[in-house]
Amino acid sequence: LVQLSNRYLILPGMVDLHVHFRDWGLSHKETLEGGARAALAGGVVAVADMPNTSPHIRTAELYRKRVEQGSGLPILYKLHMGVPEKVAELDQARPRSVKIYPEDVARFGWQHVEKLAERCATLRCVLVFHCEDPAYFRNGERPPDAEVACVEKVRQIVHRTGARVHLTHITLPYTAEATRGWASVDATPHHLLLDVDNCKDPALCLVNPRLRTPEIRKRLLAALASGLIDIYATDHAPHTLEEKRSGNPPPGICSIDIALSLLLSLWKRGVVSLDDVVRLYSFRPSRLLGVDVDVARGLFTVVRLEEFEIRGSDFAGSCKFTPFEKFKAFGQVEATAVRGKIYFKTGETYSLQPPQ
Ligand code: DOR
Ligand code: ZN
Ligand code: ZN
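This one's a predicted model, so the numbers in the text were calculated from it and none came from an experiment. (Residues numbered from 1 in each chain as written. Chains lettered and ligands numbered in written order. Predicted model: local features only at pLDDT ≥ 70, side-chain atom pairs only at ≥ 80, totals over all residues. Heavy atoms only, no water.)

I'd love a proper account of the packing of helix H4 (residues 102-123) against helix H5 (residues 144-161), names of residues and values included.
It is the contact of H4 with H5, at a shortest axis distance of 10 Å, that shows an interaxial angle of 40 degrees. Taken together, the axes of H4 and H5 are oblique relative to one another. For the element pair H4 and H5, the recorded crossing hand is right-handed. Contacts between H4 and H5 involve Trp110, Val113, Glu114, Ala117, Glu118 and Ala121 on the former and, on the latter, Cys150, Lys153, Val154, Ile157, Arg160 and Thr161. Its residues placed into classes, the contact of H4 with H5 shows 7 nonpolar, 1 polar and 4 charged. (Axes fitted to C-alpha atoms, helices over the stretch in contact; angles between N-to-C directions. Helix = DSSP H or I, 4+ residues; strand = E, 2+ residues; numbered from the N terminus. Parallel < 35°, antiparallel > 145°, perpendicular 65-115°, else oblique. Left-handed = near helix turned anticlockwise from the far one by under 90°. Contact = heavy atoms within 4.5 Å. Nonpolar A, V, L, I, M, F, W, Y, C, P; charged D, E, K, R; others polar.)

Right, here's the structure in full:
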């Protein structure tokens, strides 16, 4: 899996199953190309993009169009389909996964979600939940109870339909424990490392689901350390700094450039092993998405084993700010290889083919 010298580490390419590359009507926030650059800078060779674009990807036609556009990128591109109005749309699109938002639950109801689950059980798609029950949202408040209530709802749906379910960006140790045996879960760098005490900038720290208390956050990290969390994923969600600094900042944190380094910092601290790093951010997400990420297939990342200070201005995509500003991290991504090319931090690109 891993080769180690004193100064460098070669890892299988990272796989991020939760990113927002925007584009289309939101290209002022980020583009597919900008997102792919940020991914390569972070050692990520494959992503699964989210369907909350403008327009939202709810039809087979839009789904195909977007996948087609993504196929031209220098990284491997996958896409979670959005909730369709008519379940039969799934038969046309045949997505590997469907992303369900609290807004979808509020708009279409749990009944509709259950119908989707039935169809997905037959078609073998994975239901990916942003799991917060919108019935618990109160004038801008999104309490942890919303996650607990959603877990219960989804448990019943899985029980009745047998659908394969993944819960993304979980925030509670409770969720990691309560879903054992019937759902897989992922956690983000920000929910593992940031909380309401150590993240003070109200706009840059604003994200859905919300950051939690230090106590909850530390227990989530303990769940990661004890193997209860299956996958690590960023929820890389670019907005412009102007939007973030406006009176009504949108939720979202960008971290794909630094996510591997943050995870390797946890390795350095002894919280996770190097095998855990590869399992959490490469092997398990690659299995969920159906991509084959392997050093031998030319999908790898090279990391320099050195401490560095995180600076948003170094980010490679459109989003160049971060609540992790000035954090010390360990393990700089030096190069990322995918599709027969190796991309260096310096901006140089070389072909992996032998010279003619
Ligand atoms: O913080 C968030 N930002 N949470 C979401 O669920 C959506 C995302 C976005 O698209 O900006
Ligand atoms: Zn979400
Ligand atoms: Zn998201």
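Residue-level account of the sheet that holds strand E8 (residues 126-130), with values.
Across the sheet, which stays open at both edges, the 6 strands sit in the order E6-E7-E8-E9-E10-E11 with parallel pairing between neighbours. Looking at the sheet topology across the chains shown, the edges are occupied by strand E6 (81-82) and strand E11 (231-232). Bridge count for E6 against strand E7 (residues 97-100) is 2 bridges, and the pairing is parallel. The residue bridging Gly82 from the neighbouring strand is Lys99, located in E7. (Pairing = 2+ DSSP bridges.)

How would you summarise the coordination of the zinc ion (ligand 3) if you had to cite specific residues and measurements?
Put simply, a metal with four donors set out as a tetrahedron has ideal angles of 109.5 degrees, and one with six donors set out as an octahedron has ideal angles of 90 or 180 degrees. For the zinc ion (ligand 3), every protein donor is listed as His18 (NE2), His20 (NE2) and Asp235 (OD), and the spread of their distances is 2.0 to 2.1 Å. Mapping the donors of the zinc ion (ligand 3) onto the primary sequence yields the spacing H-x1-H-x214-D. (Donors = N, O, S within 2.8 Å, 3.2 Å for Na, K, Ca; no water.)

Outline the sheet that holds strand E3 (residues 14-19), listing residues and values.
In spatial order, the strands read E3-E4-E5; together these 3 strands make up an open sheet with parallel pairing. This sheet does not close on itself; its edge strands, each paired only once, are E3 and strand E5 (76-79). Strand after strand, the sheet turns through a mean of 20 degrees between neighbouring axes, direction not considered. The pairing of E3 with strand E4 (residues 44-49) spans 4 bridges and is classified as parallel. Bridge pairing in E4 links Val19 to Asp49. Where helix H11 (residues 274-289) meets the sheet, its contacts fall on E3, E4 and E5, and the angle it forms with E3 comes to roughly 60 degrees.

I'd like to hear about the site of ligand 1, residue by residue, with values.
As a matter of local geometry, ligand 1 sits amid His20, Arg22, Asn52, Tyr101, His130, Val207, Asn208, Asp235, Ala237, His239, Pro251 and Gly252. Asn208 has a polar backbone atom sitting 2.9 Å from an oxygen atom of ligand 1. A distance of 3.4 Å is found between an oxygen atom of ligand 1 and a backbone nitrogen or oxygen belonging to Gly252. Taking 290 Å² as the accessible area of ligand 1 by itself, protein coverage stands at 91%. Among the detected pockets, ligand 1 sits in the largest pocket. In terms of residue class, the shell around ligand 1 is made up of 4 nonpolar, 6 polar and 2 charged. (Near = heavy atom within 4 Å. Polar contact = N/O pair within 3.5 Å; in protein donor to acceptor, adjacent residues only side chain to side chain. Areas by Shrake-Rupley, 256 points an atom, 1.4 Å probe, with all protein chains shown as cover. 1 Å grid on protein atoms, 1.4 Å probe; cavity = no way out; pocket = protein on both sides within 12 Å on 5 of 7 lines; lining within 4 Å. Sits in = over half its atoms within 2 Å of the grid points.)

Break down the pattern of salt bridges for me, with residues and values.
Enumeration according to the criterion identifies 19 salt bridges in this entry. The salt bridge partner of Glu85 is Arg107, with a shortest N-O separation of 3.3 Å. With a gap of 22 residues between them, Glu85 in the loop between E6 and helix H3 (89-93) and Arg107 in helix H4 connect regions that are remote in the sequence. The exposure class of Glu85 is exposed, given its relative accessible area of 55%. (Salt bridge = Lys/Arg side-chain N within 4 Å of Asp/Glu carboxyl O. Buried < 20%, exposed > 50% of the residue type's maximum accessible area, 1.4 Å probe, protein only.)

Could you give an account of helix H8 (residues 214-225), with specific residues and numbers?
Taking 1.5 Å per residue as the helical rise, H8 with its 12 residues ought to reach 16 Å, and the 16 Å between its terminal C-alpha atoms agrees with that figure. Residues of H8 that are buried: Pro214, Ile216, Arg217, Leu220, Leu221, Ala223 and Leu224. Residues of H8 that are buried make contact with helix H6 (173-178), strand E10 (184-187), helix H7 (189-193), helix H10 (259-268) and H11. Directly after H8, the chain includes Gly227, whose backbone phi takes a positive value near 85 degrees. (Expected span 1.5 Å × (residues − 1).)

Which residues make up the layout of surface pockets, and what are the values?
Taken as a whole, the largest pocket holds about 390 Å³ of empty space. Forming the boundary of the largest pocket are 22 residues, of which His20, Asn52, Tyr101, Asn208 and Pro251 lie nearest the centre. The element that contributes the greatest number of residues to the lining of the largest pocket is H4, accounting for 3 residues. Partitioning the lining of the largest pocket into residue classes produces 6 nonpolar, 9 polar and 7 charged. Within this model, the second largest pocket holds a volume of roughly 320 Å³. Lining the second largest pocket we find 19 residues, and of these Arg37, Leu40, Ala41, Tyr343 and Phe344 sit closest to its centre. Those elements giving two or more residues to the lining of the second largest pocket turn out to be helix H1 (32-41), strand E13 (328-338) and strand E14 (341-344). Among the elements that line the lining of the second largest pocket, the one with the most residues is H1, at 5 residues. In terms of residue class, the lining of the second largest pocket is built from 10 nonpolar, 4 polar and 5 charged. (Points joined across faces, edges and corners; volume = space filled by probe spheres on them.)

Describe the side chain of Glu114, and please don't skip the residues or the numbers.
Tracing the chain through its elements places Glu114 in helix H4. In this structure the side chain of Glu114 is engaged in a polar contact, spanning 2.8 Å, whose partner is the side chain of Arg160. Apart from the residues lying within four places of it in its own chain, the contact partners of Glu114 are Ile157, Arg160 and Thr161.

Got a sec to walk through the environment of Ala337? Specific residues and values, please.
Position of Ala337 among the secondary structure elements: in strand E13. Among the residues examined, Ala337 registers a relative accessible area of 0% and is labelled buried. Between the C-alpha atom of Ala337 and that of Ala259, which follows or precedes it by 78 residues, the distance is 17 Å. In this structure Ala337 touches Val45, Gly298, Leu299, Phe300, Ile342 and Leu352, once residues within four positions along its chain are discounted.

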